[in-house]
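# Architecture and fold: a report
Take a look at the letters that make up each chain.
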Amino acid sequence: MYDVYHEFEPTGRFFRYLKALPVGAPCLNCHGEAIKPEVAAALREHYPADRATGYREGQIRGAVSIKRPLF
């Protein structure tokens, strides 16, 4: 399980929450090291600028960050 990070900003006016997004087994179909040729072709067609491949299960792919005012 991945920890979350939270803080109250120094001004005391905002709360921030952050949770890591780990790569799971289903993610590897499009973002892994061994992508099927037909999937790779579809990715190039629909997302030509995307380079988010080469990941292994358990690596961190991104995070969700939420910032909310406290008033």
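Going by the structure above, here's the rest.
These notes cover the structure that comes with them. (Residues numbered from 1 in each chain as written. Predicted model: local features only at pLDDT ≥ 70, side-chain atom pairs only at ≥ 80, totals over all residues. Heavy atoms only, no water.)

## A closer look at the packing of aromatic side chains
The test is simple: Pairing of aromatic side chains requires ring centres within 6.5 Å, counting the rings of Phe and Tyr and the six-membered ring of Trp. Pairs whose planes differ by under 30 degrees are stacked, by over 60 edge-to-face, and all others tilted. Criterion for a charge above a ring: Arg CZ or Lys NZ at most 6 Å from the ring centre, at most 35 degrees from the ring normal.
A complete count under the given rule lists one aromatic pair for this structure. Judged by centre distance (5.1 Å) and plane angle (55°), the rings of F8 and F15 are tilted. Directly above the aromatic system of F14 lies the positively charged group of K67, at a separation of 4.6 Å from the ring centroid.

## Looking at the pairing of strand β2 (residues 14–22)
For a regular strand, side-chain orientation follows a simple rule: the groups alternate between the two sheet faces. Filter applied, for reference: By the convention used here, strands pair only if DSSP detects at least 2 bridges between them. Numbering goes from the N terminus for both helices and strands, where a helix is a DSSP run of H or I of at least four residues and a strand is a run of E of at least two.
Of the pairings in the sheet, the one linking strand β1 (residues 4–8) to β2 comprises five bridges and is antiparallel in character. Residue pairing for β2: E7 is matched across the bridge by R16. Two elements, β2 and strand β3 (residues 60–69), share nine bridges in a ladder whose sense is antiparallel. Bridge pairing in β3 places P22 opposite I60.

## Side note on the pattern of salt bridges
Convention followed: For this analysis, a salt bridge means a side-chain nitrogen from Lys or Arg found within 4 Å of a carboxyl oxygen belonging to Asp or Glu. Partly exposed residues are those whose accessible area sits between 20% and 50% of the maximum for their type, while under 20% is buried and over 50% is exposed, using a 1.4 Å probe and protein chains only.
With the rule as written, the count across this model stands at three salt bridges. Between E7 and R16 there is a salt bridge; the shortest N-O distance is 3.6 Å. Taking the relative accessible area as the measure of exposure, E7 reaches 26% and is therefore partly exposed. For E9, the salt bridge goes to K67, with nearest N and O atoms at 3.5 Å. Residue E9 is found in the loop between β1 and β2, and its partner K67 is found in strand β3; the two are separated by 58 residues along the sequence. Judged by its relative accessible area of 14%, E9 falls in the buried class. Residue K67 is classed as partly exposed on the basis of its relative accessible area of 41%. Bridged by salt links that share partners, the residues E7, E9, R16 and K67 form one connected network.

Keep in mind that these numbers describe shape and distance, not what the molecule does.
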